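# Observations on the three-dimensional arrangement
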Amino acid sequence: MLTDNDTGERFCGKCGYVISEELQDSGPEWRSFSKEGATDPTRTGPPTSLAMHDRGLATIISPSNRDSSGKPLSSSMKSTIERLRTWDSRSKVNASADRNLRQALTVLAMLKDKLSLSDSVIEKAAYLYRKALEKGLVRGRSITGIIAASLYAACRDTETPRNLKDVAEAANVNRKDISRCYRILHKELELKMPVVDPIQCISRIASKLGITEKSKRYACKILQTAQEHEELAGKDPMGLAAAALYMSCVKHCEDRTQRDVAEAANVTEVTIRNRYKGLRINQG
């Protein structure tokens, strides 16, 4: 089968039989007059998103009181359009579930800025909250607690280094409430969370403390040796990463105290000391 892009015909390459005379254009739907040419998809608007209340598919009645040709509307038509705008805004959040979802996604947008999270994590968190709302898990519970638990589950699923304490401080919710909501989501939605790799947490702590690349690599080597022995399985990954970084700083004579590393990792000094002992045994 051959295609002639000039005439729009599809025909057989052996006998010349024309299969179809009109070829459907598979190019972009939009027209762009920018410097980038046809690669600019701004004509079609933003993509749909689960993090938006209406998934980005809503229509809005223009606030300008003019018709399609630009002429001003008459006084009677103005009152009619104003009434249509009122009912249009009311119809979008009529049900209690819609109001609940709108409030939760507003909180989620705030948490995205506070924790510096990517769009993929936010999309996953919005998806989990919508599932929880469908199953009625939000009823009788705090909206902020459920959305914070959904965000923590999304961070766990995408292996983003944000622990429960970080989410609790950003959402201004008690840590026990978020953990309780997380257990409910994990059970009811049948979530399967991957084990967080502590090596991924090293770069986050090291960037806050300004630790050299040499110490970071040695800390990764310490954690790889510890994973081979499998004696530190089930321990907090952020605590393990902090202890490995502290051990690396001690070896390379970098002036970092346990308190400095603990504050950067958002863990306690006791945790670092306990993990430090276990890592020293594995290294020895």
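Please refer to the structure placed before this passage.
Presented here is an overview of the structure given in this document. Source: prediction; values computed, not measured.

## What to know about unusual backbone geometry
A positive phi angle, near 60 degrees, is found at Glu159, a position not held by glycine. According to the relative accessible area criterion, Glu159 is partly exposed, its value standing at 34%. Of note, Asn172 is a non-glycine position whose phi angle comes to about 60 degrees, a positive value. Here Asn172 shows up in the loop between α5 (164-171) and α6 (175-188).

## Digging into the pattern of salt bridges
Under the defined criterion, the tally for this structure stands at nine salt bridges. Residue Glu269 is joined to Arg259 by a salt bridge in which the shortest nitrogen-to-oxygen separation is 3.3 Å. Placement of Glu269 in helix α11 (residues 269-283) and of Arg259 in helix α10 (residues 258-265) is noted, with a sequence separation of ten residues between them. You can call Glu269 partly exposed: its relative accessible area is 27%. Since its relative accessible area comes to 52%, Arg259 is described here as exposed.

## A few points about the sheet that holds strand β2 (residues 9-11)
The three strands are arranged β1-β2-β3 in an open sheet whose pairing can be described as antiparallel. For this open sheet the edge positions go to β1 (2-4) and β3 (18-20), each flanked by a neighbour on one side alone. Pairs of neighbouring strands in the sheet enclose a mean axial angle of 35 degrees, with direction left out of account. Here β2 runs beside β3; their pairing, made up of two bridges, is antiparallel. Across the sheet, residue Phe11 finds its bridge partner in β3, namely Val18.

## Concerning helix α9 (residues 237-251)
Three or four residues apart is the spacing at which side chains of an α-helix point the same way, because the helix has 3.6 residues per turn. Taking 1.5 Å as the rise per residue, α9 with 15 residues should run 21 Å; its terminal C-alpha atoms sit 21 Å apart, in good agreement. Burial within α9 is extensive, with 13 of its 15 residues counted as buried. Following α9 by one or two positions, Cys253 has its phi on the positive side, about 60 degrees.

The rules we used
Residues numbered from 1 in each chain as written. Predicted model: local features only at pLDDT ≥ 70, side-chain atom pairs only at ≥ 80, totals over all residues. Heavy atoms only, no water. Buried < 20%, exposed > 50% of the residue type's maximum accessible area, 1.4 Å probe, protein only. Helix = DSSP H or I, 4+ residues; strand = E, 2+ residues; numbered from the N terminus. Salt bridge = Lys/Arg side-chain N within 4 Å of Asp/Glu carboxyl O. Pairing = 2+ DSSP bridges. Axes fitted to C-alpha atoms, helices over the stretch in contact; angles between N-to-C directions. Expected span 1.5 Å × (residues − 1).

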